[in-house]
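Residues per chain, in single letters:
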Amino acid sequence: MITQTKIRARFGLGIWGLVAAAFGLVFFLGGGAATFADDSIRMGIAAAILGSGFIGYCSMLYLTREKKDGIALISDERDLEIARQANEIALVAVLVFVYVVCIALFLGYETAGNLPIGWMWFLAYATGCFGLLAQAVATLVLHSEMSVNG
């Protein structure tokens, strides 16, 4: 049985996986953090990529909503529990992600005494992608575990 929660998680994983990959290509293939903030074209492309991700994600949420004509996607009490747990897991994952990236940047640039501002752009954009990816992955893992356990 495929539920609304599982459908949304699969689409979310696809949308944000593509967005993260496209952003990573734009960010790293054009010179990385050292040149990102100085390149308005790359910044615009990155913003458009993230914006299209949010438009696609919101469209998917709208298209998978409960319908008024009585044809609704399957949803049960387990879905509420899965969503709650997945959001908790995603929050912790995002906190760990931001912490690890910040510590890595500190250690990597400690002796240089300054940090290219492009890394702040990377952290902002990557955190958004990572958070939504973590939520989708956690949802799918929890859904499969609860399906196995009955």
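Refer to the structure printed above.
Treat the numbers as computed from the prediction; the structure is a model and nothing was measured. (Residues numbered from 1 in each chain as written. Predicted model: local features only at pLDDT ≥ 70, side-chain atom pairs only at ≥ 80, totals over all residues. Heavy atoms only, no water.)

Observations concerning the overall build of the protein chain
So the rule is basically this: The way it works is that DSSP assigns letters per residue, a run of H or I at least four long becomes a helix, a run of E at least two long becomes a strand, and they are numbered from the N terminus. We call two residues contacting when some pair of their heavy atoms lies within 4.5 Å. Per-residue and other accessible areas were derived by the Shrake-Rupley procedure at a 1.4 Å probe size, with only the shown protein chains allowed to occlude residues.
Along the protein chain, the regular secondary structure elements total five helices and zero strands. When the helices and strands of the protein chain are placed in sequence order, the string is α-α-α-α-α. C-alpha atoms of the protein chain, sized along the principal axes, occupy 60 × 30 × 20 Å. Long-range contacts, defined here as pairs at least 24 residues apart, represent 81% of the contacts in the protein chain between residues at least 6 apart. When the accessible surface of the protein chain is totalled, it reaches about 8800 Å², and 70% of it is carbon and sulfur.

Focus: the side chain of T5
As a reminder, the rule being used: When a residue's accessible area, from a 1.4 Å probe over protein chains only, is under 20% of the maximum for its type it is buried; when over 50% it is exposed; and in between it is partly exposed.
Looking at where T5 falls in the secondary structure, it is placed in helix 1 (residues 4–29). Using a relative accessible area of 15% as the deciding quantity, one classes T5 as buried. Not counting the four nearest positions on each side in its chain, T5 is found in contact with D79, I82 and T139.

Quick word on the nonpolar core
Definition in use: As used in this record, nonpolar core signifies buried Ala, Val, Leu, Ile, Met, Phe, Trp, Tyr and Cys residues forming a set joined through side-chain atoms within 4.5 Å.
Within the largest apolar cluster, 24 residues are counted, with the highest numbers of intra-cluster contacts made by W16, V19, F23 and F27. Among the elements of the structure, helix 1, helix 2 (33–36), helix 3 (40–63), helix 4 (77–109) and helix 5 (118–148) are those that each provide at least two residues to this core. In terms of residue count, helix 5 provides more of this core than any other element does, seven residues in total.

Comments concerning the packing of aromatic side chains
Threshold: Note on aromatic pairs: the rings of Phe, Tyr and Trp (six-membered ring only in Trp) are paired at centre separations within 6.5 Å, and the planes decide the class, stacked below 30 degrees, edge-to-face beyond 60, tilted for the rest. Only when the NZ of Lys or the CZ of Arg is both within 6 Å of the ring centre and within 35 degrees of the ring normal is a charge said to sit over the ring.
Enumeration over the complete set of coordinates arrives at 16 aromatic pairs. Taken together, F23, F27, F28, F36, W119, W121, F122 and Y125 form an aromatic cluster joined through their ring pairs. One Lys or Arg, R65, reaches over the ring of Y62 and ends 3.9 Å from the middle of that ring.

Thoughts on the environment of L123
Take L123: it is sitting in helix 5. Residue classification places L123 among the buried positions, given a relative accessible area of 12%. For the pair formed by L123 and V98, sequence separation is 25 residues and the distance between their alpha carbons is 7.4 Å. Setting aside residues up to four positions removed in sequence, L123 forms contacts with V98, V101 and C102.

So yeah, pure geometry; function would need other evidence.
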